[in-house]
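# Secondary and tertiary structure notes
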Amino acid sequence: MKRFELKSKRLTLRPIRMADLPPIYENAKNEVVAMNAGFPLPKSIRDTRSYVKTHVDAWKPANPKILTFSIFTKSGIWVGGINLRWGHVGVGVFGYSVHPDHWGNGYAPEAGRKLRDWAFQQGAHRLEATCWTGNKRSAKVLKKIGLRKEGTLRSYFRRGDWVRDEYMFGMTHSDWKASK
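The rules behind each value
- Residues numbered from 1 in each chain as written.
- Predicted model: local features only at pLDDT ≥ 70, side-chain atom pairs only at ≥ 80, totals over all residues.
- Heavy atoms only, no water.
- Phe/Tyr/Trp six-rings, centres within 6.5 Å; stacked < 30°, edge-to-face > 60°.
- Helix = DSSP H or I, 4+ residues; strand = E, 2+ residues; numbered from the N terminus.
- Buried < 20%, exposed > 50% of the residue type's maximum accessible area, 1.4 Å probe, protein only.
- Arc of directions from axis to C-beta.
- Contact = heavy atoms within 4.5 Å.
- Axes fitted to C-alpha atoms, helices over the stretch in contact; angles between N-to-C directions.
- Left-handed = near helix turned anticlockwise from the far one by under 90°.
- Nonpolar A, V, L, I, M, F, W, Y, C, P; charged D, E, K, R; others polar.

For any pair of aromatic rings, the description consists of the separation of the ring centres together with the inter-plane angle of the planes. Applying the stated criterion across every chain yields a total of six aromatic pairs. Measuring from centroid to centroid gives 5.8 Å for Phe 4 and Phe 69, while their planes differ by 70 degrees, and the two rings are edge-to-face. With Phe 4 in the segment before strand 1 (6-7) and Phe 69 in strand 3 (residues 66-73), this residue pair connects regions lying 65 residues apart in the sequence. Judged by its relative accessible area of 1%, Phe 69 falls in the buried class.

Given 3.6 residues per turn, any residue in an α-helix points the same way as the ones three and four places further on. Listing the buried residues of helix 5 (residues 136-145) in full gives Ser 138, Ala 139, Val 141, Leu 142 and Ile 145. Each buried residue of helix 5 lies within a common arc of 160 degrees when the element is viewed along its axis, so the set occupies one face. Away from the buried face of helix 5 by more than 90 degrees, exposed residues Lys 136, Lys 140 and Lys 143 are located. For helix 5, the secondary structure elements touched by its buried residues are strand 5 (91-98), helix 4 (107-121), strand 6 (126-132) and strand 8 (162-172).

Contact geometry of helix 1 (residues 21-28) with helix 3 (residues 45-57) gives a least axis separation of 10 Å together with a crossing angle of 115 degrees. Considering how the two elements wind past one another, helix 1 and helix 3 form a crossing that is right-handed. Residue-level contacts link Leu 21, Ile 24, Tyr 25 and Ala 28 of helix 1 to Ile 45, Thr 48, Arg 49 and Val 52 of helix 3. For the contact of helix 1 with helix 3, the per-class residue count stands at six nonpolar, one polar and one charged.

Structure below.
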């Protein structure tokens, strides 16, 4: 797939690069971010480098299964990341993370709506995302993107000995068309 950028009013979403490692690491080592997203704190920048390289390399096939973007303001400030994974044919699963310094500015919903629109324009028939039931901010963001809470997935997410419930949010292509 040809690398490309998605642009919204205030943001640019562009494929993740190794040069994005420093701000990604700073975000990943934040305990609140890690808990809300459900990933372990990196032990070192090397852990994060491996993650970034995997997601940079994921862009190499003609039809990547996962598309990871860095989110930048128009002035070039890195604010977070967002990705879209093709879980099944026509079903996009997405997730995002915004650095706490940029929370409350509407960047996550803006980036999410841009990626949502692009995915449906590419032929997706459904988009979905989960979030921890304790992460009220993320649930609010998913609603702002236009996804509906479809239910609670009990004991859905496991990381080591830690098991937690997640909300499932979804939007169909017909929901998206009706919202236009």
